[in-house]
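Summary of the model geometry
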Amino acid sequence: MAAPATGNNARRDFYERIGGLSMAPLWESLHQLVPPQPAPKYVPAHWDYDKVRPFLMESGALITAKEAVRRVLILENPAMTGSACITPTLYAGLQLILPGEVAPSHRHTQSALRFIVEGEGAYTAVDGERTIMCEGDFVITPTWTWHDHGNDSSKPMVWLDGLDIPLVAMFNAGFAENGETDEQAVTTPEGTADAKYASGLLPVDWRPSRQTSPIFNYPYARTREALHGLSRAGAPDPCHGYKLRYVNPANGGAPIATMGTFMQLVPKGFATSPYRCTDGTVFSVVEGEGESRIGDTVIRWKKRDHFVVPSWARVEHRTDSDAVLFSFSDRPIQEKLDLWREDRGGK
Ligand code: GTQ
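Counting from 1, residues in each chain are numbered in the order their sequence is written. It should be noted that, the model being predicted, local features are given only for residues of pLDDT at least 70 and side-chain atom pairs only at 80 or more, the latter also being counted only at that level, while totals for whole chains, interfaces and linings use all residues. Side-chain metrics rest on all non-hydrogen atoms present in the structure, leaving aside hydrogens and water.

The name given to the protein in an unreviewed UniProt entry is Gentisate 1,2-dioxygenase, with Reyranella aquatilis as the source organism.

When pLDDT is averaged along the protein, the result is 96; 98% of the residues meet or exceed 70. Taking the mean pLDDT of every element in the protein, the minimum, 93, falls on helix H4 (residues 65-68) and the maximum, 99, on strand E21 (residues 323-329). As a per-residue measure, pLDDT tells how confident the predictor is, with possible values from 0 to 100. Each helix corresponds to a stretch of at least 4 residues labelled H or I by DSSP, and each strand to a stretch of at least 2 residues labelled E; elements are numbered beginning at the N terminus.

This part is about the nonpolar core. The nonpolar core is taken to be a set of buried Ala, Val, Leu, Ile, Met, Phe, Trp, Tyr and Cys residues, with the residues joined through side-chain atoms within 4.5 Å. Residue burial is assigned from relative accessible area. The probe radius is 1.4 Å, only protein chains are included, and a residue is buried under 20% of its type maximum, exposed over 50%, and partly exposed in between. Within the largest apolar cluster, 39 residues are counted, with the highest numbers of intra-cluster contacts made by Ile86, Leu94, Phe138, Leu160, Met263, Phe326 and Phe328. By definition, residues are in contact when any of their heavy atoms lie within 4.5 Å. Excluding residues within four positions of it along the chain, Leu94 makes contact with Val52, Leu56, Arg71, Val72, Leu73, Leu75, Val117, Val158, Trp159, Leu160 and His306. Residues Val285, Ile294, Trp301 and Phe307 belong to the second largest nonpolar core, which totals 11 residues.

On to the sheet that holds strand E14 (residues 260-266), then. On the basis of which strands lie adjacent, the open sheet formed by six strands has the order E1-E19-E16-E21-E14-E13 and antiparallel pairing. Sheet topology places strand E1 (45-47) and strand E13 (242-245) at the edges, where each strand pairs with a single neighbour. Neighbour to neighbour, the strand axes of the sheet diverge by 20° on average, direction disregarded. One bridge is not enough; two strands pair if DSSP finds at least two bridges between them. Relative to strand E19 (residues 306-309), E1 runs antiparallel, the two sharing three bridges. Its bridge partner being in E19, Ala45 is matched across the sheet by Val308. Here an angle of 0 to 180 degrees is reported between the N-to-C directions of two axes, which are lines fitted to C-alpha atoms, with helices fitted over the stretch in contact.

A few words now on the sheet that holds strand E4 (residues 102-108). As summarised here, the arrangement of the five strands in space is E7-E6-E9-E4-E11, forming an open sheet in which the pairing is antiparallel. This sheet does not close on itself; its edge strands, each paired only once, are strand E7 (129-132) and strand E11 (176-178). Across the sheet, the mean angle from the axis of one strand to that of its neighbour is 25°, orientation sign disregarded. Where strand E6 (residues 122-126) and strand E9 (residues 147-151) come together, five bridges link them in antiparallel fashion. The partner of Val126 across the bridge, within E9, is His147.

UniProt positions are given in the numbering used here, feature names are shortened, and annotations may be inferred rather than shown by experiment. Residues given the UniProt feature "domain: Cupin type-2" (unreviewed entry) here are residues 94-161. With 0% helix and 60% strand, residues 94-161 has end C-alpha atoms that lie 6 Å from one another.

Every case where a carboxyl oxygen of Asp or Glu lies within 4 Å of a side-chain nitrogen of Lys or Arg is listed as a salt bridge. If you walk through the whole model with that rule in mind, you get 20 salt bridges. Salt-bridge contacts for Asp13 lead to Arg17; the nearest nitrogen and oxygen are separated by 2.9 Å. Linking Asp13 with Arg17, this pair stays in helix H1 (residues 8-19), spanning four residues, or about one helical turn. Here Arg331 makes a salt bridge to Glu335, at a shortest N to O gap of 2.8 Å. Placement of both Arg331 and Glu335 in helix H8 (residues 331-336) is noted, with a separation of four residues, approximately one turn of the helix. Judged by relative accessible area, which is 38%, Glu335 ranks as partly exposed. Among the charged side chains, a network of salt bridges with common partners joins Asp48, Asp50, Lys302 and Asp305.

This brings us to the environment of Trp312. If you trace the backbone, Trp312 turns up in the loop between E19 and strand E20 (315-319). For Trp312, a relative accessible area of 16% gives the class buried. Placed 35 residues apart in sequence, Trp312 and Cys277 show a C-alpha to C-alpha distance of 5.0 Å.

Moving on, we get to the environment of His108. Residue placement: His108 occurs in strand E4. There is a polar contact of 3.2 Å between the side chain of His108 and the side chain of His106. We define a polar contact as two N or O atoms separated by no more than 3.5 Å, with the added condition that, inside protein, one atom must be a possible hydrogen donor and the other a possible acceptor, whereas residues neighbouring each other in sequence contribute only through side-chain atom pairs. At 2.9 Å, the side chain of His108 forms a polar contact with the backbone oxygen of Gln110.

By the criterion of burial, E14 is predominantly enclosed, with seven of the seven residues buried. Every second residue of E14 is oriented toward a common face, with Gly260, Phe262, Gln264 and Val266 on one face and Thr261, Met263 and Leu265 on the other, all of them buried. Bridge count for E13 against E14 is four bridges, and the pairing is antiparallel. For Leu244, the partnering residue across the bridge sits in E14 and is Met263.

Note on definitions. A residue lies near a molecule or strand when any single heavy atom of the residue is within 4 Å of it. Every residue lining the ligand is accounted for by Arg70, Val72, Tyr91, Gln95, His106, His108, Arg114, His147, His149, Asp161 and Leu163. In the model, an oxygen atom of the ligand is placed 2.9 Å from a nitrogen or oxygen of the His108 side chain. Between the ligand and Asp161, the relevant distance is 2.7 Å, taken from an oxygen atom to a side-chain nitrogen or oxygen of the residue. Looking at the shell around the ligand, the elements with two or more residues in it are strand E3 (91-97), E4, E9 and strand E10 (157-163). Under the scheme applied, nonpolar residues are Ala, Val, Leu, Ile, Met, Phe, Trp, Tyr, Cys and Pro; charged residues are Asp, Glu, Lys and Arg; polar residues are all the others, including Gly. In terms of residue class, the shell around the ligand is built from three nonpolar, five polar and three charged.

As a further point, take the packing of aromatic side chains. Pairs of aromatic rings are described using the distance from one ring centre to the other and the angle between the two planes. Pairing of aromatic rings covers Phe, Tyr and the six-membered ring of Trp, with a centre-to-centre limit of 6.5 Å; geometry is then stacked below 30 degrees between planes, edge-to-face above 60, and tilted otherwise. Under the counting rule described, the total for this entry stands at 11 aromatic pairs. Where Phe138 meets Tyr218, the ring centres are 5.4 Å apart and the plane angle is 35°; that geometry is what we call tilted. Note that Phe138 is positioned in strand E8 (residues 138-141) and Tyr218 in strand E12 (residues 217-218), a separation of 80 residues in sequence. Across the pair, exposure class does not vary: Phe138 and Tyr218 are buried alike. By the ring-pair criterion, three or more aromatic residues cluster together here, those being Phe115, Phe138, Tyr218, Tyr246 and Phe326. For a Lys NZ or an Arg CZ to count as sitting over a ring, it must be within 6 Å of the ring centre and within 35 degrees of the ring normal. Here the basic side chain of Arg130 rests over the ring of Tyr123, its NZ or CZ set 3.7 Å away from the ring centre.

This is the structure:
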(Lines give C-alpha, C1' and ligand atoms only; values in the text may rest on other atoms or scores of the structure.)
Protein backbone atom coordinates (compact mmCIF):
# COMPACT_ATOMS: atom_id res chain seq x y z
CA MET A 1 0.00 0.00 0.00
CA ALA A 2 1.22 3.49 -0.78
CA ALA A 3 2.25 5.72 2.15
CA PRO A 4 -0.40 8.40 2.88
CA ALA A 5 0.12 11.79 1.26
CA THR A 6 1.04 13.79 4.38
CA GLY A 7 2.16 17.09 2.85
CA ASN A 8 0.30 20.18 4.07
CA ASN A 9 -0.63 21.08 0.53
CA ALA A 10 -2.13 17.67 -0.12
CA ARG A 11 -4.21 17.93 3.06
CA ARG A 12 -5.34 21.49 2.37
CA ASP A 13 -6.34 20.48 -1.12
CA PHE A 14 -8.26 17.52 0.30
CA TYR A 15 -10.07 19.73 2.87
CA GLU A 16 -11.08 22.10 0.11
CA ARG A 17 -12.49 19.33 -2.03
CA ILE A 18 -14.54 17.74 0.78
CA GLY A 19 -15.60 21.24 1.89
CA GLY A 20 -17.51 21.40 -1.36
CA LEU A 21 -19.64 18.52 -0.07
CA SER A 22 -20.19 20.18 3.35
CA MET A 23 -17.74 17.85 5.05
CA ALA A 24 -14.74 18.60 7.26
CA PRO A 25 -11.87 16.56 8.79
CA LEU A 26 -12.53 15.85 12.47
CA TRP A 27 -8.83 15.42 13.22
CA GLU A 28 -8.20 19.16 12.75
CA SER A 29 -10.67 20.13 15.52
CA LEU A 30 -11.04 17.06 17.76
CA HIS A 31 -9.28 18.65 20.74
CA GLN A 32 -11.48 21.75 20.68
CA LEU A 33 -14.65 19.70 20.17
CA VAL A 34 -13.86 17.31 23.01
CA PRO A 35 -11.61 19.34 25.33
CA PRO A 36 -9.84 17.69 28.28
CA GLN A 37 -11.63 20.19 30.53
CA PRO A 38 -14.03 23.12 30.01
CA ALA A 39 -12.43 25.90 27.99
CA PRO A 40 -15.04 28.68 28.10
CA LYS A 41 -14.86 31.38 25.44
CA TYR A 42 -16.38 33.95 27.79
CA VAL A 43 -14.81 35.88 30.64
CA PRO A 44 -15.33 37.11 34.21
CA ALA A 45 -16.95 40.55 34.23
CA HIS A 46 -18.19 43.11 36.77
CA TRP A 47 -20.91 45.79 36.60
CA ASP A 48 -20.38 48.49 39.26
CA TYR A 49 -23.83 49.82 40.20
CA ASP A 50 -22.47 53.35 40.76
CA LYS A 51 -21.45 53.39 37.09
CA VAL A 52 -24.51 51.55 35.78
CA ARG A 53 -27.26 53.42 37.65
CA PRO A 54 -26.86 56.81 35.92
CA PHE A 55 -27.28 55.12 32.51
CA LEU A 56 -30.32 53.21 33.73
CA MET A 57 -31.92 56.48 34.86
CA GLU A 58 -30.91 58.12 31.55
CA SER A 59 -32.71 55.31 29.72
CA GLY A 60 -35.80 56.28 31.71
CA ALA A 61 -35.80 59.65 29.95
CA LEU A 62 -35.16 58.13 26.51
CA ILE A 63 -38.06 55.69 26.27
CA THR A 64 -41.12 54.74 28.30
CA ALA A 65 -41.57 51.23 29.70
CA LYS A 66 -44.67 50.88 27.49
CA GLU A 67 -42.87 51.80 24.27
CA ALA A 68 -39.85 49.68 25.14
CA VAL A 69 -42.12 46.80 26.31
CA ARG A 70 -39.25 45.97 28.65
CA ARG A 71 -36.86 48.85 29.42
CA VAL A 72 -33.74 46.87 30.12
CA LEU A 73 -30.00 47.39 29.83
CA ILE A 74 -28.56 44.02 28.92
CA LEU A 75 -25.52 42.82 30.88
CA GLU A 76 -23.53 41.30 28.05
CA ASN A 77 -20.40 39.26 28.49
CA PRO A 78 -17.53 41.38 27.13
CA ALA A 79 -16.22 38.35 25.21
CA MET A 80 -19.64 37.78 23.54
CA THR A 81 -20.43 41.23 22.14
CA GLY A 82 -23.67 41.40 20.17
CA SER A 83 -24.97 38.10 21.56
CA ALA A 84 -27.08 39.42 24.49
CA CYS A 85 -25.52 36.58 26.51
CA ILE A 86 -23.88 36.86 29.92
CA THR A 87 -22.90 33.19 29.63
CA PRO A 88 -23.49 30.97 26.59
CA THR A 89 -26.77 29.70 28.12
CA LEU A 90 -27.98 32.72 30.13
CA TYR A 91 -29.22 36.23 29.59
CA ALA A 92 -29.11 38.97 32.26
CA GLY A 93 -30.29 42.57 32.27
CA LEU A 94 -31.26 45.39 34.60
CA GLN A 95 -34.86 46.51 34.17
CA LEU A 96 -36.15 49.96 35.21
CA ILE A 97 -39.78 50.80 35.95
CA LEU A 98 -40.55 54.38 36.91
CA PRO A 99 -43.48 55.42 39.11
CA GLY A 100 -46.77 55.10 37.24
CA GLU A 101 -45.37 52.94 34.44
CA VAL A 102 -46.53 49.54 33.21
CA ALA A 103 -44.47 46.98 31.30
CA PRO A 104 -47.29 45.39 29.25
CA SER A 105 -48.50 41.84 29.55
CA HIS A 106 -46.95 39.13 27.39
CA ARG A 107 -45.82 35.53 27.62
CA HIS A 108 -43.04 33.51 26.10
CA THR A 109 -41.48 30.09 26.34
CA GLN A 110 -38.35 31.62 27.87
CA SER A 111 -38.50 31.54 31.68
CA ALA A 112 -37.56 34.65 33.64
CA LEU A 113 -36.42 35.37 37.16
CA ARG A 114 -36.45 38.81 38.78
CA PHE A 115 -34.13 39.69 41.60
CA ILE A 116 -35.03 43.04 43.14
CA VAL A 117 -32.03 45.38 43.30
CA GLU A 118 -33.49 48.78 44.22
CA GLY A 119 -36.87 50.14 45.29
CA GLU A 120 -40.03 48.63 46.67
CA GLY A 121 -43.72 48.59 45.98
CA ALA A 122 -43.82 47.70 42.29
CA TYR A 123 -45.72 44.57 41.33
CA THR A 124 -45.36 41.66 38.97
CA ALA A 125 -48.51 39.83 37.92
CA VAL A 126 -48.19 36.18 36.93
CA ASP A 127 -51.19 34.32 35.47
CA GLY A 128 -53.76 36.51 37.23
CA GLU A 129 -52.10 37.10 40.61
CA ARG A 130 -50.01 40.08 41.66
CA THR A 131 -47.11 40.23 44.08
CA ILE A 132 -45.60 43.41 45.50
CA MET A 133 -41.83 43.28 45.34
CA CYS A 134 -39.16 44.47 47.82
CA GLU A 135 -35.36 44.57 47.65
CA GLY A 136 -33.86 41.10 47.75
CA ASP A 137 -37.07 39.35 46.72
CA PHE A 138 -36.75 36.60 44.12
CA VAL A 139 -39.72 36.40 41.76
CA ILE A 140 -40.31 33.91 38.94
CA THR A 141 -42.27 34.15 35.71
CA PRO A 142 -42.00 30.57 34.44
CA THR A 143 -42.23 29.45 30.84
CA TRP A 144 -45.45 30.46 29.01
CA THR A 145 -46.98 32.36 31.96
CA TRP A 146 -48.60 35.76 31.34
CA HIS A 147 -46.67 38.53 33.09
CA ASP A 148 -46.78 42.30 33.37
CA HIS A 149 -45.05 44.67 35.74
CA GLY A 150 -46.23 47.99 37.17
CA ASN A 151 -44.93 50.55 39.59
CA ASP A 152 -47.56 52.18 41.81
CA SER A 153 -44.86 53.42 44.24
CA SER A 154 -43.24 56.86 44.24
CA LYS A 155 -39.70 55.65 43.46
CA PRO A 156 -37.92 54.01 40.54
CA MET A 157 -37.62 50.27 40.77
CA VAL A 158 -34.71 48.28 39.37
CA TRP A 159 -34.38 44.55 39.18
CA LEU A 160 -32.11 41.96 37.66
CA ASP A 161 -33.76 39.93 34.93
CA GLY A 162 -32.32 36.46 34.42
CA LEU A 163 -33.65 34.49 31.45
CA ASP A 164 -32.79 31.28 29.62
CA ILE A 165 -32.97 33.12 26.26
CA PRO A 166 -29.75 31.66 24.76
CA LEU A 167 -30.69 28.14 25.78
CA VAL A 168 -34.17 28.37 24.27
CA ALA A 169 -32.60 29.90 21.13
CA MET A 170 -30.25 26.92 20.87
CA PHE A 171 -33.27 24.60 20.82
CA ASN A 172 -35.17 26.91 18.43
CA ALA A 173 -38.06 26.53 20.87
CA GLY A 174 -38.98 30.20 21.28
CA PHE A 175 -42.62 31.33 21.07
CA ALA A 176 -44.08 34.62 22.34
CA GLU A 177 -47.35 36.52 22.27
CA ASN A 178 -48.67 39.84 23.57
CA GLY A 179 -51.60 40.19 25.94
CA GLU A 180 -54.83 41.84 24.82
CA THR A 181 -54.50 44.51 27.51
CA ASP A 182 -51.38 46.10 29.04
CA GLU A 183 -52.32 44.92 32.51
CA GLN A 184 -53.73 41.42 32.73
CA ALA A 185 -56.95 40.94 34.68
CA VAL A 186 -56.35 40.14 38.34
CA THR A 187 -58.30 36.94 39.03
CA THR A 188 -56.70 35.75 42.26
CA PRO A 189 -56.26 37.74 45.51
CA GLU A 190 -52.70 38.74 46.34
CA GLY A 191 -51.07 36.23 48.71
CA THR A 192 -52.99 33.21 47.42
CA ALA A 193 -49.96 31.36 46.04
CA ASP A 194 -48.11 32.03 49.30
CA ALA A 195 -51.00 30.73 51.40
CA LYS A 196 -51.38 27.59 49.32
CA TYR A 197 -47.79 26.61 48.73
CA ALA A 198 -45.26 28.55 50.83
CA SER A 199 -45.79 27.36 54.41
CA GLY A 200 -44.56 23.78 54.29
CA LEU A 201 -48.14 22.75 53.45
CA LEU A 202 -49.87 22.06 50.14
CA PRO A 203 -53.58 21.92 49.27
CA VAL A 204 -54.58 18.35 50.05
CA ASP A 205 -55.66 17.28 46.57
CA TRP A 206 -53.25 19.45 44.59
CA ARG A 207 -50.90 17.74 42.16
CA PRO A 208 -48.26 19.70 40.25
CA SER A 209 -48.95 19.93 36.54
CA ARG A 210 -45.54 21.32 35.59
CA GLN A 211 -41.95 21.41 36.79
CA THR A 212 -41.93 25.06 37.84
CA SER A 213 -42.71 26.18 41.38
CA PRO A 214 -46.27 27.19 42.35
CA ILE A 215 -44.68 29.91 44.55
CA PHE A 216 -43.77 32.97 42.51
CA ASN A 217 -42.31 35.32 45.13
CA TYR A 218 -39.62 34.15 47.54
CA PRO A 219 -39.35 37.22 49.82
CA TYR A 220 -35.99 38.35 51.13
CA ALA A 221 -37.22 38.69 54.72
CA ARG A 222 -37.71 34.91 54.87
CA THR A 223 -34.51 34.10 52.96
CA ARG A 224 -32.45 36.34 55.23
CA GLU A 225 -33.90 34.76 58.34
CA ALA A 226 -33.03 31.31 57.01
CA LEU A 227 -29.44 32.30 56.23
CA HIS A 228 -28.91 33.89 59.62
CA GLY A 229 -30.51 30.92 61.36
CA LEU A 230 -28.10 28.68 59.47
CA SER A 231 -25.14 30.84 60.51
CA ARG A 232 -26.07 30.39 64.18
CA ALA A 233 -26.42 26.64 63.76
CA GLY A 234 -22.90 25.67 62.77
CA ALA A 235 -19.66 26.35 60.94
CA PRO A 236 -19.68 27.79 57.42
CA ASP A 237 -18.90 25.63 54.39
CA PRO A 238 -15.24 26.31 53.47
CA CYS A 239 -16.09 26.98 49.79
CA HIS A 240 -19.44 28.81 50.12
CA GLY A 241 -19.93 30.24 53.59
CA TYR A 242 -23.62 29.59 54.29
CA LYS A 243 -25.35 28.78 51.02
CA LEU A 244 -28.94 27.79 50.32
CA ARG A 245 -30.75 27.00 47.08
CA TYR A 246 -34.28 28.14 46.32
CA VAL A 247 -36.64 25.20 45.99
CA ASN A 248 -39.92 24.19 44.38
CA PRO A 249 -41.84 22.72 47.37
CA ALA A 250 -43.72 20.34 45.07
CA ASN A 251 -40.71 18.36 43.90
CA GLY A 252 -37.56 19.52 45.70
CA GLY A 253 -36.09 20.82 42.44
CA ALA A 254 -35.30 24.33 41.29
CA PRO A 255 -38.23 26.82 41.14
CA ILE A 256 -37.54 27.23 37.41
CA ALA A 257 -36.66 24.06 35.49
CA THR A 258 -33.86 25.71 33.52
CA MET A 259 -32.24 27.99 36.09
CA GLY A 260 -30.90 27.33 39.59
CA THR A 261 -31.03 30.17 42.11
CA PHE A 262 -28.98 30.49 45.25
CA MET A 263 -28.40 32.80 48.20
CA GLN A 264 -25.30 32.74 50.36
CA LEU A 265 -24.04 34.54 53.42
CA VAL A 266 -20.29 34.98 53.62
CA PRO A 267 -19.42 36.21 57.11
CA LYS A 268 -17.22 39.26 57.71
CA GLY A 269 -13.52 38.52 57.22
CA PHE A 270 -14.18 35.04 55.78
CA ALA A 271 -12.09 33.82 52.85
CA THR A 272 -13.64 30.95 50.91
CA SER A 273 -11.51 28.03 49.71
CA PRO A 274 -10.89 27.77 45.95
CA TYR A 275 -13.94 26.33 44.22
CA ARG A 276 -14.99 25.67 40.66
CA CYS A 277 -18.02 24.14 39.01
CA THR A 278 -19.29 23.66 35.47
CA ASP A 279 -22.21 26.09 35.75
CA GLY A 280 -21.23 29.63 34.76
CA THR A 281 -22.88 31.81 37.42
CA VAL A 282 -24.26 35.36 37.62
CA PHE A 283 -24.04 37.11 41.01
CA SER A 284 -26.02 40.04 42.44
CA VAL A 285 -24.65 41.57 45.65
CA VAL A 286 -27.44 42.02 48.17
CA GLU A 287 -25.51 43.17 51.22
CA GLY A 288 -21.95 43.99 52.20
CA GLU A 289 -18.71 44.27 50.31
CA GLY A 290 -15.71 42.18 49.45
CA GLU A 291 -13.70 40.82 46.57
CA SER A 292 -13.64 37.71 44.45
CA ARG A 293 -10.68 36.21 42.66
CA ILE A 294 -12.02 34.53 39.52
CA GLY A 295 -9.15 32.76 37.76
CA ASP A 296 -6.60 35.58 37.41
CA THR A 297 -9.18 38.38 37.62
CA VAL A 298 -9.90 40.18 40.91
CA ILE A 299 -13.24 41.92 41.26
CA ARG A 300 -14.01 44.25 44.17
CA TRP A 301 -17.75 44.38 44.76
CA LYS A 302 -20.35 46.01 46.98
CA LYS A 303 -24.14 46.12 47.40
CA ARG A 304 -26.07 46.16 44.08
CA ASP A 305 -23.05 45.24 41.94
CA HIS A 306 -23.25 42.31 39.52
CA PHE A 307 -20.56 39.94 38.31
CA VAL A 308 -20.25 36.72 36.34
CA VAL A 309 -18.07 33.67 36.96
CA PRO A 310 -17.41 31.45 33.91
CA SER A 311 -17.68 27.68 33.92
CA TRP A 312 -14.76 25.94 35.64
CA ALA A 313 -13.07 29.23 36.64
CA ARG A 314 -11.61 28.96 40.13
CA VAL A 315 -13.35 31.33 42.58
CA GLU A 316 -12.33 32.63 45.99
CA HIS A 317 -14.48 35.17 47.84
CA ARG A 318 -13.19 37.37 50.66
CA THR A 319 -15.39 39.77 52.62
CA ASP A 320 -14.89 43.07 54.48
CA SER A 321 -18.32 42.84 56.12
CA ASP A 322 -21.06 40.23 56.36
CA ALA A 323 -21.98 39.79 52.71
CA VAL A 324 -25.05 38.27 51.06
CA LEU A 325 -24.85 37.11 47.44
CA PHE A 326 -27.71 36.04 45.20
CA SER A 327 -26.73 33.94 42.19
CA PHE A 328 -28.22 32.01 39.30
CA SER A 329 -26.94 29.48 36.77
CA ASP A 330 -27.99 26.64 34.46
CA ARG A 331 -27.07 24.01 37.09
CA PRO A 332 -30.49 22.21 37.09
CA ILE A 333 -30.15 21.41 33.40
CA GLN A 334 -26.60 20.19 33.76
CA GLU A 335 -27.70 17.99 36.67
CA LYS A 336 -30.61 16.56 34.67
CA LEU A 337 -28.14 15.68 31.92
CA ASP A 338 -25.57 14.17 34.34
CA LEU A 339 -23.08 16.85 33.28
CA TRP A 340 -22.64 18.95 36.40
CA ARG A 341 -19.29 18.75 38.19
CA GLU A 342 -17.61 20.67 40.95
CA ASP A 343 -14.06 20.80 42.27
CA ARG A 344 -13.75 21.79 45.91
CA GLY A 345 -9.99 22.17 45.69
CA GLY A 346 -9.42 19.11 47.85
CA LYS A 347 -11.32 20.57 50.82
O1 GTQ B 1 -39.80 40.82 31.55
O2 GTQ B 1 -40.55 39.54 30.00
O3 GTQ B 1 -34.99 41.43 30.37
O4 GTQ B 1 -39.25 39.13 27.89
C5 GTQ B 1 -35.88 40.32 28.50
C6 GTQ B 1 -36.96 39.74 27.87
C7 GTQ B 1 -37.26 40.83 30.39
C8 GTQ B 1 -39.65 40.19 30.50
C9 GTQ B 1 -36.04 40.86 29.75
C10 GTQ B 1 -38.19 39.70 28.51
C11 GTQ B 1 -38.34 40.24 29.78
